[in-house]
Amino acid sequence: MTTFLYAASASVDGRIAGPGGDMSWLLPHMGADPVMERLMPDLQALLVGRRTFDGDDPHAGDPEKEGPLEGQWEGAQILLTHRPPQPEPEGITVTTDLDAALSACRAAAPEGIVSILGADVARQCFRAQVVDLLLVNTVPVLLGGGTPLLSDSLGPDSMGPIDLQLLEQEPSAAGHSRLLRVVHRPRG
């Protein structure tokens, strides 16, 4: 069965990217992530939103680390967007429909993990009740603005409160800071 995972590093004020999508704030705090290292062998697909796909890569220009998952990713990518890139990127499935994207993910990872990348896509997946695991690394930084952990656009399609069950919690030294790593499973 496919497992959908939303894993993100967020500032203490709940931002995954700074103003303008800036990701450089994260570089001094990056380091080994034992939970992701444990999950990587089962990771079979990425479900990516357009802003994340087009976004700032903190490792841009580094040929060894540039790209998804610090340049380690070579598997299936599904891009969910209302603005398909032209021309469509080679080797990436592009769709404008969430159900089609989820079907493509399930086909690409029938017994594995799909990593959800992007706050708006994550919100849509929570609303569709497909998120199985939530992994948040809380970074000791206040950004004061930028992209929230989950998209702010709640409006009429609000996902409402989602109760979470704590599975793991541990402080972790990474880079020059101490992170708090928390893994949850949505209840219900």
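Residues numbered from 1 in each chain as written. Predicted model: local features only at pLDDT ≥ 70, side-chain atom pairs only at ≥ 80, totals over all residues. Heavy atoms only, no water.

> Please clarify how the overall build of the protein chain should be interpreted in this entry.
What the protein chain contains, in helices and strands, is 4 helices and 10 strands. The order of helices and strands in the protein chain, counted from the N terminus, is β-β-α-β-α-β-β-α-β-α-β-β-β-β. Evaluated residue by residue, the protein chain yields a buried proportion of 42% over its 188 residues. Residue pairs at least 24 apart in sequence account for 74% of intrachain contacts in the protein chain once pairs closer than 6 positions are excluded. For the protein chain, the exposed area adds up to about 9,900 Å²; of that, 51% sits on carbon and sulfur atoms. (Helix = DSSP H or I, 4+ residues; strand = E, 2+ residues; numbered from the N terminus. Buried < 20%, exposed > 50% of the residue type's maximum accessible area, 1.4 Å probe, protein only. Contact = heavy atoms within 4.5 Å. Areas by Shrake-Rupley, 256 points an atom, 1.4 Å probe, with all protein chains shown as cover.)

> I would appreciate a short explanation of the side chain of His184 in the present structure.
Take His184: it is sitting in strand β10 (residues 177-186). On the basis of relative accessible area, His184 is assigned to the buried category, the value being 18%. Those residues within four positions of His184 in sequence are excluded, and the remaining contacts are Asp132, Leu133, Leu134, Leu164, Gln165, Leu166 and Leu167.

> Whenever I open this one, the pairing of strand β3 (residues 43-49) confuses me. Can you help?
For a regular strand, side-chain orientation follows a simple rule: the groups alternate between the two sheet faces. Of all 7 residues making up β3, 6 are buried, and the element is well covered by its neighbours. Where β3 and strand β6 (residues 113-117) come together, 5 bridges link them in parallel fashion. Looking across to β6, one finds that Leu43 is bridged to Ile113. In this structure, β3 lies alongside strand β4 (residues 76-80), joined through 5 bridges in parallel fashion. Considered in β4, the bridge of Ala45 is made with Ala76. (Pairing = 2+ DSSP bridges.)

> Please explain the pattern of salt bridges as it appears in this structure.
Two side chains bearing opposite charge may form a pair once their charged atoms approach each other closely. Inspection of the entire model under this criterion finds 2 salt bridges. Arg38 is paired through a salt bridge with Glu168; the nearest N and O atoms lie 2.7 Å apart. With Arg38 in helix α1 (residues 34-39) and Glu168 in strand β9 (residues 164-174), the pair connects residues that are 130 residues apart, well separated along the chain. For Glu168, a relative accessible area of 26% translates into the label partly exposed. Between Asp120 and Arg123 there is a salt bridge whose closest N-O contact spans 2.7 Å. Of this pair, Asp120 and Arg123 both sit in helix α4 (residues 119-127), separated by 3 residues, roughly a single helical turn. (Salt bridge = Lys/Arg side-chain N within 4 Å of Asp/Glu carboxyl O.)

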